[in-house]
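Structural characterization, general
Spelled out, the chains give:
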Amino acid sequence: MARRSFIRGTGSYLPTKVLTNDDLSKMVDTSHEWIVERTGIHQRHIAAEGEMTSDIATAAARDALAAAGLTPADLDLIVLGTTTPDQTFPATATAVQAKLGMTGGAAFDVQAVCSGFLFALSTADSMLKQGLFNTAVVIGAETFTRLLDWSDRGTCVLFGDGGGAVVLQAEEWDGAEDEGVITHHIRTDGTKSDLLYVDGGVSSTGTIGHVRMEGNRVFRHAVANISAAIQAVLDDTGLTIEDIDWFVPHQANKRILDAVAKKMNIHEDKVIITVDQHANTSAASIPLALNHAVRTGRAKKGDLILSEAMGGGFSWGASLFRL
Ligand code: UT7
């Protein structure tokens, strides 16, 4: 018998306000056609004034708890992947803890930008397996548009706000090895940080800063690193691409997803794509896409899911789990 984590429910939340490509074309020199052709994005959601990352995260967590048939009283761990905290400190996860009315356990943030959800998932999974906690909500939530330079067409058309969550629960398990949360591959390379970063921070400029990116170079690294991470989790388990029921990737750019699918021989019908609806929501995009796959009835209990992400740092990774 060994402890293993299982996904009990998924949830998500998107702010009400929608910004279309046509809206953006009135703000910068761009067009709906350019954005759709180069990224696959049609629209993005924007947090309302006063709506914070913790509000988005709490809504997503409540949705996942309801799907799991659990309440905040059942939780003893919150791990939140975010790059856009409410405040520099305390951790936004503690605000979520308070908003949920959860008084025990522990809550903390993980910062790995677009890979934040996978880093948070692997952290929570390890802690559950180790026996430190029993029931966790793992959240990816962002108010990423607050980091944008709205005069930079190379970045401002790409991102949006939102949140997604999964409830994980530990069980003593002596069944098959490919049940529940199976494995993760998590990597970073700090020498590439100048290709995607925010030009501000507490200890550098004392300002929040704006997103800066060499999109073209990030694109090429993304395809290579994501493909390597997918191969690593397959090698780790002995599973093959054909065994995977659904690919639930980080939603940055549909062309990246197409390029990875082509390189790894993934059938396009198996790739969950939501980037058209909410753009790149950084750490939120995987749980948003996962919840979409579950709620639309595509991904079902027992399906094998492979998720992958790549983002600032560089940070990247892949996770393999069965619903
Ligand atoms: O999730 C975190 C990781 N981030 C990513 O994965 C993003 C990765 N990169 C990308 O998704 C793509 O590189 C972009 C969508 C950012 C850009 O697409 P691209 O095909 O790599 O275009 P490019 O940067 O090579 O630019 C092509 C042209 C340039 O004009 P010139 O120099 O050829 O005249 C840009 O100035 O497109 C221009 N351009 C735009 N035109 C209209 C750049 N942004 C825009 C825009 N509207 N919004």
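Not measured: the values here are computed from a predicted model.

Some thoughts on the overall build of the protein
A count of helical and extended segments in the protein gives ten helices and 13 strands. On C-alpha atoms alone, the protein measures out to a radius of gyration of 18 Å, which is about the 20 Å that the 2.2 N^0.38 rule sets for 323 residues. Overall size of the protein, expressed as C-alpha extent along the three principal axes, is 60 × 45 × 40 Å. Relative to its 323 residues, the protein shows a buried fraction of 55%. Excluding contacts between residues fewer than 6 apart, the proportion of contacts in the protein whose partners are at least 24 apart in sequence is 76%. Surface exposure of the protein reaches about 13,200 Å², of which carbon and sulfur atoms provide 51%. Charge-centre separation for the protein: the mean point of 27 positive side chains lies 3 Å from the mean point of 39 negative side chains.

Things to note about the UniProt feature "domain: Beta-ketoacyl-[acyl-carrier-protein] synthase III N-terminal" (unreviewed entry) in the protein
Summarizing the sequence annotation, UniProt attributes the feature "domain: Beta-ketoacyl-[acyl-carrier-protein] synthase III N-terminal" (unreviewed entry) to residues 108–190 in the numbering used throughout. Helix makes up 23% of residues 108–190 and strand 37%, and the two end C-alpha atoms of the span are 23 Å apart.

A closer look at the sheet that holds strand β8 (residues 181–188)
The four strands are arranged β8-β13-β12-β11 in an open sheet whose pairing can be described as mixed. A strand with exactly one partner marks an edge of an open sheet, and here the two such strands are β8 and β11 (246–249). Shown here is a sheet whose adjacent strand axes are inclined to one another by a mean of 10°, direction ignored. Judged from the seven bridges that link them, β8 and strand β13 (residues 315–322) form a sheet pairing that is antiparallel. Across the sheet, Thr183 pairs through a bridge with Leu320, a residue of β13. Packed on one face of the sheet, helix α7 (residues 215–237) meets β8, β12 (304–311) and β13 and runs near 145° to β12.

Some thoughts on the site of the ligand
Looking at the ligand, there are 23 residues lining it, with Thr30, Arg38, Asn216, Asn253 and Asn280 nearest. Contact distances for the ligand include 2.8 Å between an oxygen atom and a side-chain N or O atom of Arg38. A distance of 2.9 Å separates a nitrogen atom of the ligand from a polar backbone atom of Arg153. In isolation the ligand exposes 950 Å². Once the protein is present, 72% of that is buried. Broken down by secondary-structure element, the contributors of at least two residues to the shell around the ligand are α2 (32–39), α6 (153–156), α7 and α8 (254–264). By residue number, the principal contributor to the shell around the ligand is α7, which donates four residues. The residues that make up the shell around the ligand include at least three from each of domain 1 (2–173) and domain 2 (181–322).

So, the sheet that holds strand β1 (residues 2–13)
If you trace the five strands from one edge of the open sheet to the other, you get β1-β7-β6-β4-β5, paired in mixed fashion. Pairing within the sheet leaves two strands with one partner each, and these edge strands are β1 and β5 (106–110). Between one strand axis and the next, the sheet turns by 20° as a mean value, whatever way the strands run. Summarising the sheet, strand β6 (residues 135–142) and strand β7 (residues 162–173) pair through eight bridges and their orientation is antiparallel.

Thoughts on the layout of surface pockets
In this structure, the second largest pocket occupies an estimated 180 Å³ of space. The wall of the second largest pocket is formed by Ile7, Arg8, Gly9, Thr10, Ala67, Val294, Ala299, Lys300, Lys301 and Leu323. At four residues, the largest contribution of residues to the lining of the second largest pocket is made by β1. Looking at the lining of the second largest pocket residue by residue, the class counts come to five nonpolar, two polar and three charged. Split by domain, the lining of the second largest pocket shows at least three residues from each of two domains, domain 1 (2–173) and domain 2 (181–322).

The rules behind the values
For every chain, the first residue of the written sequence is number 1, and numbering continues from 1 onward in sequence order. Predicted model: local features are reported for residues with pLDDT of at least 70 only, side-chain atom pairs are reported and counted for 80 or more only, and whole-chain, interface and lining totals are derived from all residues. Side-chain measures here rest on the full set of heavy atoms in the structure, leaving out hydrogens and waters. Secondary structure elements are taken from DSSP: a helix is a run of H or I of four residues or more, a strand is a run of E of two residues or more, and numbering for both begins at the N terminus. Both definitions apply: the radius of gyration is a C-alpha atom measure, and the globule rule equals 2.2 Å times residues to the power 0.38. Whether a residue is buried, partly exposed or exposed follows from its accessible area with a 1.4 Å probe, protein chains only, as a fraction of its type maximum: under 20%, in between, or over 50%, in that order. Pairs of residues are marked as contacts when any of their non-hydrogen atoms sit within 4.5 Å. The method behind every accessible area is Shrake-Rupley, applied with a 1.4 Å probe, and residues are considered shielded solely by the protein chains displayed. His is not counted, nor are the chain ends; Lys and Arg add positive charge and Asp and Glu add negative charge. A single reference atom marks each charge: NZ on Lys, CZ on Arg, CG on Asp, CD on Glu. UniProt positions are given in the numbering used here, feature names are shortened, and annotations may be inferred rather than shown by experiment. Between any two strands, pairing holds if DSSP finds at least two bridges. Note on definitions: angles span 0 to 180 degrees between N-to-C directions of axes, and those axes are lines fitted to C-alpha atoms, for helices only across the stretch in contact. Nearness is defined per residue: one heavy atom within 4 Å of the molecule or strand is enough. Whenever two N or O atoms come within 3.5 Å, that pair is a polar contact, provided that in protein one can donate a hydrogen and the other can accept it, and provided that, for residues adjacent in sequence, both atoms are side-chain atoms. Note that domain bounds follow an automatic or database assignment of domains. Space inside and on the surface of the protein is sampled on a 1 Å grid over the protein atoms alone, with a cavity defined as a set of points where a 1.4 Å probe fits but cannot get out and a pocket as an open set with protein on both sides within 12 Å along at least 5 of 7 lines; lining residues have an atom within 4 Å of a point. Grid points are joined across faces, edges and corners, and a volume is the space filled by probe spheres set on the points. Basically, the charged four are Asp, Glu, Lys and Arg, the nonpolar ten are Ala, Val, Leu, Ile, Met, Phe, Trp, Tyr, Cys and Pro, and anything else, Gly included, counts as polar.

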